[in-house]
Amino acid sequence: MAERVIPLVVERPAGRPVAVPAQPQPADGRLVDTLERPLRDLRISVTDRCNFRCSYCMPKEVFDKDYPYLPHAALLSFEEITRVARQFAAHGVRKIRLTGGEPLLRKNIEILIEQLAALRTVDGAPLDLTLTTNGSLLARKARALKDAGLHRVTVSLDGLDDAVFRTMNDVDFPVADVLAGIDAAQAAGLGLIKINMVVKRGTNDHEILPMARHFRGTGHVLRFIEYMDVGATNGWRMDEVLPSVEVIARIHAQLPLVPLEPAAPGETAQRWAYADGGGEVGVISSVTQAFCGDCNRARLSTEGQLYLCLFASQGHDLRSLIRGGASDDQLAGAIAAIWQGRADRYSQLRGQLQPDTGGGQRRVEMSYIGG
Ligand code: SAM
Ligand code: SF4
Ligand code: SF4
């Protein structure tokens, strides 16, 4: 078995300076990158902090009391986030997902949601506004989030067994409180609720069937995520990845499944329905089956760096542009130029790259650019 190496220093690279194109770029929603991929989905990390210490994301040994979290002044303000998001919407974004870190730890997040809910796509429709959370604060906040204009939530939950769950979050947080959060989200009307389970072979893979049984027939969509080699601190090893085909085989042996068509182009999950009509499950095979070909996602880090891929080693420094006094047209032009130069497809190339390099340099952490 390969030795696990966890670097104790975390790098947060300075963003690439962003140039403003000399010619204005029309923002008509038709922007594509070098591989003809449109821009449809923007994920915004609103904090780099979290109250969990999931070992695959923010391991305790690295994210301890001395970890240099970003100071408040480094974070994009709600006004700055909304201003950037408006330009993304003009370039074709239809969906915004708030993430982190734990997004519900960002103070007054409801105010940001209200501002984002007022934005429109190029066709004049509201954006699909959603949020990914560990669920720990959801019971308390679901109603306010809905009232602010949030449409849906995705809740991360890595097991139903309390002992397994407490080990996965590594802060001894009880599973009952997350289940109460899911119920509160449903009661508040934040459906369709997706439940994300990261599967680590040997740690929580025995929870796959109990999770499938629990959420079958509830109307919530359970999705199994392959443990990914994101960041540089989780000591990732291929032998801890349980391929999605195996997840589906295990469920199918007990609860027969039939394949479904993707709901939308660029969708990350492959969908399966229970043959008896008990709803659906999904698998996100980020490691064993690359889906870069139609990846239409951009990520805005907590401090306003634009990342074009989850595995990128550097972002584009939009914050300096905004704080340097750029006009909306200049901001829109800069975003267009960055997307037009995009060629990222890490998952497709993974096998050809050196391990732990992200293609030459160390990758940034998921808690910083958002999942
Ligand atoms: N704190 C929130 C949460 O856990 O839902 C939002 C941020 S978290 C970074 C977003 C998603 O990334 C979660 O569903 C989490 O399980 C997933 N994630 C984090 N590290 C991962 C890894 N190494 N492999 C696969 N998924 C991961
Ligand atoms: Fe926190 Fe989410 Fe990362 Fe877990 S996956 S440590 S809950 S940010
Ligand atoms: Fe998109 Fe990068 Fe993931 Fe490929 S590896 S699907 S380009 S985020």
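What you are looking at is a predicted structure, and each value in this text was computed from that prediction instead of being measured.

Caption draft 1: Looking closely at the packing of helix 1 (residues 78-90) against helix 2 (residues 109-117). Packing of helix 1 against helix 2 leaves a shortest axis separation of 10 Å and a crossing angle of 25 degrees. The pairing of helix 1 with helix 2 is recorded here as roughly parallel in orientation. For the element pair helix 1 and helix 2, the recorded crossing hand is right-handed. Contacts between helix 1 and helix 2 involve Phe78, Glu79, Ile81, Thr82 and Ala85 from the former and Ile109, Ile111, Leu112, Gln115 and Leu116 from the latter. Grouping the amino acids of the contact of helix 1 with helix 2 by side-chain chemistry returns 7 nonpolar, 2 polar and 1 charged.

Caption draft 2: Main features of the site of ligand 2. The environment of ligand 2 is made up of Cys50, Phe52, Cys54, Tyr56, Cys57, Met58, Gly101 and Asn134. A breakdown of the residues in the shell around ligand 2 according to their chemical character gives 6 nonpolar, 2 polar and no charged.

Caption draft 3: Representation of the site of ligand 1. Around ligand 1 lies a shell of 20 residues, among which Tyr56, Gly101, Ser156, Val198 and Met228 are the nearest. Separating a nitrogen atom of ligand 1 from a side-chain N or O atom of Glu102 is a distance of 3.3 Å. In the model, an oxygen atom of ligand 1 is placed 2.5 Å from a nitrogen or oxygen of the Ser156 side chain. Look at ligand 1: alone it shows 540 Å² of surface, and the protein chains cover 95% of it. Residues that form the shell around ligand 1 fall into these classes: 8 nonpolar, 10 polar and 2 charged.

Caption draft 4: Up close: the sheet that holds strand 12 (residues 316-317). The sheet built from 12 strands is open, its strands ordered 7-8-9-6-5-4-3-2-1-10-11-12 with mixed pairing. A single partner strand is all that each edge strand has here, and the edge strands are strand 7 (257-259) and strand 12. Pairing of strand 7 with strand 8 (residues 270-274) involves 3 bridges; the strand directions are antiparallel. Bridged to Val258 within strand 8 is Ala273. Relative to the sheet, helix 7 (residues 244-254) contacts strand 6 (221-226), strand 7, strand 8 and strand 9 (280-284), its axis offset from that of strand 9 by approximately 160 degrees.

What counts, and at which threshold
Residues numbered from 1 in each chain as written. Chains lettered and ligands numbered in written order. Predicted model: local features only at pLDDT ≥ 70, side-chain atom pairs only at ≥ 80, totals over all residues. Heavy atoms only, no water. Axes fitted to C-alpha atoms, helices over the stretch in contact; angles between N-to-C directions. Helix = DSSP H or I, 4+ residues; strand = E, 2+ residues; numbered from the N terminus. Parallel < 35°, antiparallel > 145°, perpendicular 65-115°, else oblique. Left-handed = near helix turned anticlockwise from the far one by under 90°. Contact = heavy atoms within 4.5 Å. Nonpolar A, V, L, I, M, F, W, Y, C, P; charged D, E, K, R; others polar. Near = heavy atom within 4 Å. Polar contact = N/O pair within 3.5 Å; in protein donor to acceptor, adjacent residues only side chain to side chain. Areas by Shrake-Rupley, 256 points an atom, 1.4 Å probe, with all protein chains shown as cover. Pairing = 2+ DSSP bridges.

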